[in-house]
Amino acid sequence: MNITLLAKKGGVGKSTLSILLYEAFRQAGKTVSLRDWDAQGTSSKSLELIYGPDVRKQSAKTDIVIYDTPPSLEHTATATAVRNANIVLVVTSPSPADIWEADDAVRFVQSKNSDALVRVIFNKVRKSTVLGRLVDESAKQVSAPALSVTLSGRECYQHAIAQGWKALDGAARQEVLQLIIALLSPK
C-alpha cells in the first residue's frame, strides 16, 4: 500500500505526520518504508536520528510505503507520489488559509489519480479554540472527506521527530493509532 502525504504549502506538519504514521504502522507490526522527497529532508533526518544510518537500507518490499512530498503541487516528485498512491492524505491545519490550500491539493489529486482514496487530516488542532471547534464546519470547504480523527497540537509530536514513538505519551499514541484505523477504514 502506498500512502502519499500532500500539502500545497509548508508548515502544516506533513513531515511530522509522516514520522508518526511510520512509527504507528511499525507498532502495528507492519513493515514500512518512508520515501522523503521533500528537499528539507526532515523525514530522512528523523529516521536516521531515531534508527541510525542503516535505516536507509530498507528492503524493497514492505507492507506500506509512505511518501513525504515537497510543499508544492508543481514539483515532479509530488505528481509522481500522487500517481503511485493508493491513499493520499492531504494535511492541513484548521487555519482558513491552510484549508483553502488543502482544497487545491485535493483537486490536484483528483486530476492526477482518480483511483486514489483521498482524505483530509486536520493537524495541530486545539479543540478549545474557535478554529478547533469549527473543524467539522471547515471540513465542508474541502472537496474530499476529512478523517473523523484529528491530530491535536501536542508538543510531544514535535519531539517524535527526534525520538520516535517513545516521545509520545499514552494519549498521543492512542490518537495516532486511531488515525491509522480511520485512514484504513473503507468509508
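Our subject is the structure listed above.
Attention shifts here to helix α4 (residues 96–112). Here α4 spans 25 Å end to end across 17 residues, near enough to the 24 Å set by a 1.5 Å rise per residue. For α4, the complete set of buried residues consists of Asp98, Ile99, Ala102, Asp103, Ala105, Val106, Phe108 and Val109. Elements in contact with the buried residues of α4: β1 (2–6), α3 (76–83), β4 (87–92), β5 (117–122) and α6 (135–139).

What follows deals with the nonpolar core. Within the largest apolar cluster, 37 residues are counted, with the highest numbers of intra-cluster contacts made by Leu17, Leu21, Ile66 and Leu168. Ranked by residue count, the leading element in this core is helix α1 (residues 14–27), at 7 residues. In this structure Leu21 touches Leu5, Ile66, Leu89, Leu179 and Ile180, once residues within four positions along its chain are discounted. Counting 22 residues, the second-largest nonpolar core is a separate cluster that includes Ala79, Val90, Phe108 and Phe122.

With that settled, consider the sheet that holds β4. Here we have 5 strands laid out as an open sheet, ordered β2-β3-β1-β4-β5, and parallel in their pairing. Lying at the two open borders of the sheet, with one neighbouring strand each, are β2 (32–36) and β5. Going across the sheet, the axis of each strand differs from the next one's by a mean of 20 degrees, ignoring polarity. Sheet strands in contact with helix α2 (residues 42–51) are β2 and β3 (64–68), and its direction is about 135 degrees off that of β2.

What follows concerns the pairing of β3. Counted residue by residue, β3 has 5 buried out of 5 residues, so it is predominantly covered. Neither face of β3 is left uncovered, since the one carrying Ile64, Ile66 and Asp68 and the one carrying Val65 and Tyr67 both have all their residues buried. Both β1 and β3 contribute to a ladder of 4 bridges, which runs parallel. Its bridge partner being in β3, Ile3 is matched across the sheet by Ile66. Looking at chain direction, β2 and β3 are connected through 5 bridges and run parallel. Note on β3: the bridge partner recorded for Val32 is Ile64.

What counts as what
- Residues numbered from 1 in each chain as written.
- Predicted model: local features only at pLDDT ≥ 70, side-chain atom pairs only at ≥ 80, totals over all residues.
- Heavy atoms only, no water.
- Helix = DSSP H or I, 4+ residues; strand = E, 2+ residues; numbered from the N terminus.
- Expected span 1.5 Å × (residues − 1).
- Buried < 20%, exposed > 50% of the residue type's maximum accessible area, 1.4 Å probe, protein only.
- Contact = heavy atoms within 4.5 Å.
- Core = buried A, V, L, I, M, F, W, Y, C linked by side-chain atoms within 4.5 Å.
- Pairing = 2+ DSSP bridges.
- Axes fitted to C-alpha atoms, helices over the stretch in contact; angles between N-to-C directions.

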